[in-house]
Amino acid sequence: MKLATPDQLDEVYGLYRKYSEYFPHVRKSKVEFFINNHRMVYDQGVAISFTIYQRKGYLGNCTVPRYDCMLHQIINESQGNGIIYEVFYDFMITLGKTIWCTVRTENKRSLKFMDKVGFEKVGDITWGKNKQIPGVILKRKYIPLTSTVEHLTPTGGVLNFGE
């Protein structure tokens, strides 16, 4: 897992601008904050922003335990190339924590990706001044890997973790 460095700020922020229809709320200062606080992965054109909860938190109708991870955004510079799976699996293994995220119900592409990498719906959430934007709360429990565990990629290949 490669963390983003301050000299990559413009490159990483460029991904948010490229997909501004999904991330209109993300400002350059927020990306800079994530990078400077070691909360931004950037590897092979994939950016992942996240936070580790330092105390119990609340997400819609769910309680997030202390030390679990909140996934804020995941962006692939070249959608459809499959690299996102490799980078995300590396992120999950390196992190070694249960991961939570929220996704707008209209974002079918993200929901499909989250399903493929093992997230399950655990609740509902809404955003906006009048709670007019519906979403779901997803969770992927951390399962320690043994040396014999293999994960299938969406293209049918196998990722081996450990020997």
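Cut-offs applied
- Residues numbered from 1 in each chain as written.
- Predicted model: local features only at pLDDT ≥ 70, side-chain atom pairs only at ≥ 80, totals over all residues.
- Heavy atoms only, no water.
- Helix = DSSP H or I, 4+ residues; strand = E, 2+ residues; numbered from the N terminus.
- Buried < 20%, exposed > 50% of the residue type's maximum accessible area, 1.4 Å probe, protein only.
- Contact = heavy atoms within 4.5 Å.
- Areas by Shrake-Rupley, 256 points an atom, 1.4 Å probe, with all protein chains shown as cover.
- Pairing = 2+ DSSP bridges.
- Axes fitted to C-alpha atoms, helices over the stretch in contact; angles between N-to-C directions.
- Phe/Tyr/Trp six-rings, centres within 6.5 Å; stacked < 30°, edge-to-face > 60°.
- Parallel < 35°, antiparallel > 145°, perpendicular 65-115°, else oblique.
- Left-handed = near helix turned anticlockwise from the far one by under 90°.

Participant: Go over the overall build of the protein with me, naming the residues and quoting the values.
Facilitator: Of regular secondary structure, the protein possesses four helices and ten strands. Tracing the protein from N to C terminus, the helices and strands come up as α-α-β-β-β-β-β-α-β-α-β-β-β-β. When each of the 163 residues of the protein is scored for burial, the buried share is 40%. Counted over contacts in the protein with a minimum sequence separation of 6, partners at least 24 positions apart contribute 54%. Roughly 9500 Å² of accessible area belongs to the protein as shown, and the carbon and sulfur atoms make up 49% of that amount.

Participant: Help me get a handle on the sheet that holds strand β8 (residues 133–140), residues and values and all.
Facilitator: Taken together, six strands build an open sheet; the order of strands is β1-β2-β5-β6-β8-β7 and the sheet is mixed. On the outer flanks of this sheet lie β1 (40–43) and β7 (120–127), each paired with one strand and no other. Ignoring strand direction, the axes of neighbouring strands in this sheet form an average angle of 30°. Where strand β2 (residues 46–52) and strand β5 (residues 69–76) come together, seven bridges link them in antiparallel fashion. Each bridged residue has a counterpart across the sheet, and for serine 49 the counterpart in β5 is glutamine 73. Running over the sheet, helix α3 (residues 83–95) touches β1, β2, β5, β6 (99–104) and β8 and is turned about 25° from β2.

Participant: Which residues make up the pairing of β7, and what values go with them?
Facilitator: Sheet analysis places β7 next to β8, joined by seven bridges and oriented antiparallel. Paired with lysine 121 across the bridge in β8 is leucine 138. Where β7 folds back onto β8 in an antiparallel hairpin, the turn is made up of five residues, including glycine 128, whose phi is positive at roughly 100°.

Participant: Can you break down unusual backbone geometry residue by residue, with the values?
Facilitator: We note that tyrosine 67 has phi near 75°; this positive angle belongs to a residue other than glycine. Within the secondary structure, tyrosine 67 sits in the loop between β4 (62–64) and β5. Residue lysine 131 is not a glycine yet carries a positive backbone phi of 55°. Here lysine 131 lies in the loop between β7 and β8.

Participant: An account of the packing of aromatic side chains is needed here, citing residue identities and associated values.
Facilitator: A full pass over the atoms with the stated rule returns seven aromatic pairs. On the basis of an interplanar angle of 70° and a centroid distance of 5.4 Å, the ring pair of tyrosine 16 and phenylalanine 23 is categorised as edge-to-face. Residue tyrosine 16 shares its accessibility class with phenylalanine 23, and that shared class is buried. Where tyrosine 85 meets phenylalanine 113, the ring centres are 5.1 Å apart and the plane angle is 50°; that geometry is what we call tilted. In this pair, tyrosine 85 sits in helix α3 while phenylalanine 113 sits in helix α4 (residues 108–116), placing the two residues 28 residues apart along the sequence. Like phenylalanine 113, tyrosine 85 is buried. Members of the aromatic cluster, connected to one another through ring pairs, are Phe50, Tyr85, Phe88, Phe91, Phe113 and Phe119.

Participant: Residue-level account of the packing of helix α1 (residues 9–18) against helix α2 (residues 28–36), with values.
Facilitator: Packed helix pairs are characterised by how far apart their axes lie and by the angle those axes make with each other. Contact pair α1 / α2: the axes reach a minimum separation of 10 Å and the direction vectors enclose 125°. Comparing their axes, α2 and α1 come out oblique. In this structure, α1 meets α2 at a crossing whose hand is right-handed. Here Leu9, Asp10, Val12, Tyr13 and Tyr16 of α1 lie close against α2, whose contacting residues are Lys28, Val31, Glu32 and Ile35.

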